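Below are the chains, spelled out letter by letter.
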Amino acid sequence: MIINKLIIETRNLDFSFHQGIPILRDINLQVPAGSIYGFLGPNGAGKTTTLRLLLGLIKQEESSIQIFGQDFWPNRIAVLSRIGSLIEQPSLYAHLSGSENLEVFRLSYGSDKKRIGEVLDIVGLSSAKEKKAREYSLGMKQRLAIAIALLHQPDLLILDEPTNGLDPNGIVEIRELLRKLNQEHSITILISSHLLSEVEKIATHLGIINQGKLIFQGTQAELQQFKTAALTLSAEVNDLPKATALIKNSFVIKQVDRQLLISIQNKEQVAEIAQIWVKNQIDIYQLALLKSDLEDLFIQIINA
Ligand code: ATP
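Now for a description of the structure that goes with this document. The shown structure was predicted, so the numbers you read here are calculated from the model rather than taken from an experiment.

1. A closer look at the overall build of the chain
A tally of helices and strands in the chain yields 11 helices and 16 strands. For 304 residues, the compact-globule estimate of 2.2 N^0.38 gives 19 Å, and the C-alpha radius of gyration of the chain, at 24 Å, exceeds that figure by more than 25%. Projected onto the principal axes, the alpha-carbon positions of the chain cover approximately 80 × 40 × 35 Å. Evaluated residue by residue, the chain yields a buried proportion of 47% over its 304 residues. Long-range pairs, those at least 24 residues apart, make up 67% of the contacts in the chain with a sequence separation of at least 6. On the chain, roughly 15400 Å² of surface is accessible, and the fraction owed to carbon and sulfur atoms is 48%. Seen as two clouds, the 31 positive and the 33 negative side-chain charges of the chain have centres 3 Å apart.

2. Structural notes on the packing of helix H4 (residues 114-123) against helix H6 (residues 168-184)
Where H4 meets H6, the closest approach of the two axes is 9 Å, and the angle between their N-to-C directions is 125°. Relative to H6, the element H4 lies oblique. In contact with Asp121, Ile122 and Val123 of H4, H6 contributes Leu177, Lys180 and Leu181. Looking at side-chain class alone, the contact of H4 with H6 contains 4 nonpolar, no polar and 2 charged residues.

3. Focus: the sheet that holds strand E11 (residues 205-210)
The mixed open sheet is built from 6 strands, whose spatial order is E8-E9-E10-E5-E11-E12. If you trace the sheet from one side to the other, it starts and ends with strand E8 (83-86) and strand E12 (213-219), each paired once. Taken over all neighbouring pairs, the strand axes of this sheet differ in orientation by 15° on average, direction set aside. Relative to strand E9 (residues 156-160), E8 is paired through 4 bridges, and the arrangement is parallel.

4. Comments concerning the pairing of E12
Here E11 runs beside E12; their pairing, made up of 6 bridges, is antiparallel. Along E12, the bridge assignment pairs isoleucine 208 with phenylalanine 216. Hairpin remark: E11 followed by E12, antiparallel, with 2 residues in the connecting loop; positive phi at glutamine 211, about 45°.

5. Regarding the environment of tyrosine 136
Turning to its location among the elements, tyrosine 136 is positioned in the loop between H4 and helix H5 (138-150). The buried category is assigned to tyrosine 136, whose relative accessible area is 4%. In the structure, tyrosine 136 is positioned 39 residues away from serine 97 in sequence and 9.4 Å away in space, judged by C-alpha atoms. Once residues lying within four places of it in the same chain are set aside, the contact partners of tyrosine 136 are Gly98, Leu125, Ala128, Lys129, Lys131, Lys141 and Leu144. Here alanine 128 takes part through its backbone oxygen, which lies 2.7 Å from a polar atom of the side chain of tyrosine 136.

6. Description of the pairing of strand E14 (residues 252-256)
Where E14 meets strand E15 (residues 259-264), 5 bridges bridge the pair, whose relative direction is antiparallel. Counterpart to lysine 254 in the pairing with E15 is leucine 261. Counting the residues in the hairpin turn of E14 and E15 gives 2 residues, including aspartate 257, whose phi is positive at 55°.

7. A word on the pattern of salt bridges
Between side chains of opposite charge, a pair can form when the charged atoms approach closely. Inspection of every chain in the model, using the stated rule, returns 9 salt bridges. With its nearest N and O atoms 2.8 Å apart, the salt bridge here joins aspartate 155 to arginine 82. Placement of the pair is aspartate 155 in the loop between H5 and E9 and arginine 82 in the loop between helix H2 (76-80) and E8, with a sequence separation of 73 residues. Taking relative accessible area as the criterion, aspartate 155 reaches 32% and is therefore assigned partly exposed. Note that glutamate 103 and lysine 113 form a salt bridge whose closest N and O atoms lie 3.5 Å from each other. A residue pair is termed long-range when its members are at least 10 positions apart, and glutamate 103 in helix H3 (residues 98-109) and lysine 113 in the loop between H3 and H4 qualify at 10 residues. Judged by relative accessible area, which is 18%, glutamate 103 ranks as buried.

8. Some words on the environment of asparagine 266
You can see asparagine 266 is positioned in the loop between E15 and helix H10 (268-279). Given a relative accessible area of 28%, asparagine 266 falls into the partly exposed group. Between the alpha carbons of asparagine 266 and leucine 151 there is a distance of 47 Å; along the sequence they are 115 residues apart.

9. Quick notes on empty space enclosed by the protein
In total, this model carries 1 cavity of 30 Å³ or more according to the counting rule given. Of the voids in this model, the largest cavity is the one considered here, and its volume is about 70 Å³. Taken together, 13 residues form the lining of the largest cavity, with Pro162, Thr163, Ile191, Glu198 and Val199 sitting closest to its centre. Put simply, the parts of the chain that give the lining of the largest cavity at least two residues each are H6, strand E10 (188-193) and helix H7 (196-199). Top contributing element to the lining of the largest cavity by residue count: H6, with 4 residues. When the residues that make up the lining of the largest cavity are grouped by side-chain class, the tally is 7 nonpolar, 3 polar and 3 charged.

Conventions we followed
Residues numbered from 1 in each chain as written. Predicted model: local features only at pLDDT ≥ 70, side-chain atom pairs only at ≥ 80, totals over all residues. Heavy atoms only, no water. Helix = DSSP H or I, 4+ residues; strand = E, 2+ residues; numbered from the N terminus. Rg over C-alpha atoms; globule rule 2.2 N^0.38 Å. Buried < 20%, exposed > 50% of the residue type's maximum accessible area, 1.4 Å probe, protein only. Contact = heavy atoms within 4.5 Å. Areas by Shrake-Rupley, 256 points an atom, 1.4 Å probe, with all protein chains shown as cover. Lys, Arg positive; Asp, Glu negative; His and termini not counted. Charge placed at Lys NZ, Arg CZ, Asp CG, Glu CD. Axes fitted to C-alpha atoms, helices over the stretch in contact; angles between N-to-C directions. Parallel < 35°, antiparallel > 145°, perpendicular 65-115°, else oblique. Nonpolar A, V, L, I, M, F, W, Y, C, P; charged D, E, K, R; others polar. Pairing = 2+ DSSP bridges. Polar contact = N/O pair within 3.5 Å; in protein donor to acceptor, adjacent residues only side chain to side chain. Salt bridge = Lys/Arg side-chain N within 4 Å of Asp/Glu carboxyl O. 1 Å grid on protein atoms, 1.4 Å probe; cavity = no way out; pocket = protein on both sides within 12 Å on 5 of 7 lines; lining within 4 Å. Points joined across faces, edges and corners; volume = space filled by probe spheres on them.

Laid out in structure tokens, this is it:
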């Protein structure tokens with residue numbers, strides 16, 4: 001993976017809530033400047049814990065986190081002033097309108113008054129700004145929460161499952177908003193999700209965490225290679241040496257007992273191998289794609 005400048009870099013980040021029960025192990029997150037980084041993993045994998053550590057919401061003073069090229073903990077005030085975030089449910093004032101909600105946060109951030117109009121425009125809520133937040137749909141609430149996160153003009157947005165619970169329209173709106181923030185406002189975005197389908201349409205880079213370990217990090221194209229390289233075909237045939245000889249120049253093959261285990265890139269290669277064998281009078285008793293832990297993981301994070 002070609003990485004220019006990294007906005008977030010963790011080095012062997014470990015974390016446990018209780019001694020002896022590791023939640024995160026050796027996480028080397030690398031979020032490039034200008035990227036939309038999709039942080040994927042099944043429920044309980046450690047996504048929220050990682051994001052909370054990146055925001056200092058969980059205290060960890062060891063300097064294994066660098067953001068904007070600075071050690072996070074000693075520089076956290078300066079670093080956080082450049083980050084907008086949305087972790088867990090947005091805390092909005094239901095009885096206040098969209099622009100009043102923004103005004104409350106603007107006062108605490110000390111941002112310019114005209115910034116309210118700008119962020120309402122960016123998230124597409126200008127026409128609903130006088131409505132009470134309690135009358136907003138979940139998608140609108142989420143966009144208002146993102147508007148609040150944008151008030152202080154951050155360079156980096158960290159969003160924990162921002163499309164959770166949204167209907168398909170709401171999901172598309174958030175996706176388009178994030179794309180716009182990234183492309184037109186040059187904001188680097190780290191977004192977590194438990195579904196590949198929710199981030200693959202916008203993410204330039206992906207990290208996959210499972211049971212507290214980062215098991216993949218790279219571009220979409222690299223993910224494709226990683227997924228397919230994980231396929232193994234097991235074959236039972238009548239003539240093992242002949243069957244092996246016929247395909248050994250194109251595939252990596254291992255013999256285990258009376259079985260051949262063949263590393264393949266895609267399912268089309270199953271048909272290719274079967275055709276070669278049938279043409280050469282090999283009797284095939286069984287062909288099966290082996291399930292690996294990785295495949296189970298992909299089934300969990302790929303939209304069912
Ligand atoms: P989800 O989408 O379900 O929130 P996640 O990938 O964000 O999943 P985390 O919330 O980071 O996962 O949780 C990772 C592990 O840490 C889980 O086993 C969870 O039970 C545990 N955990 C989270 N918060 C705490 C806490 N405050 N104290 C103890 N254990 C915790």
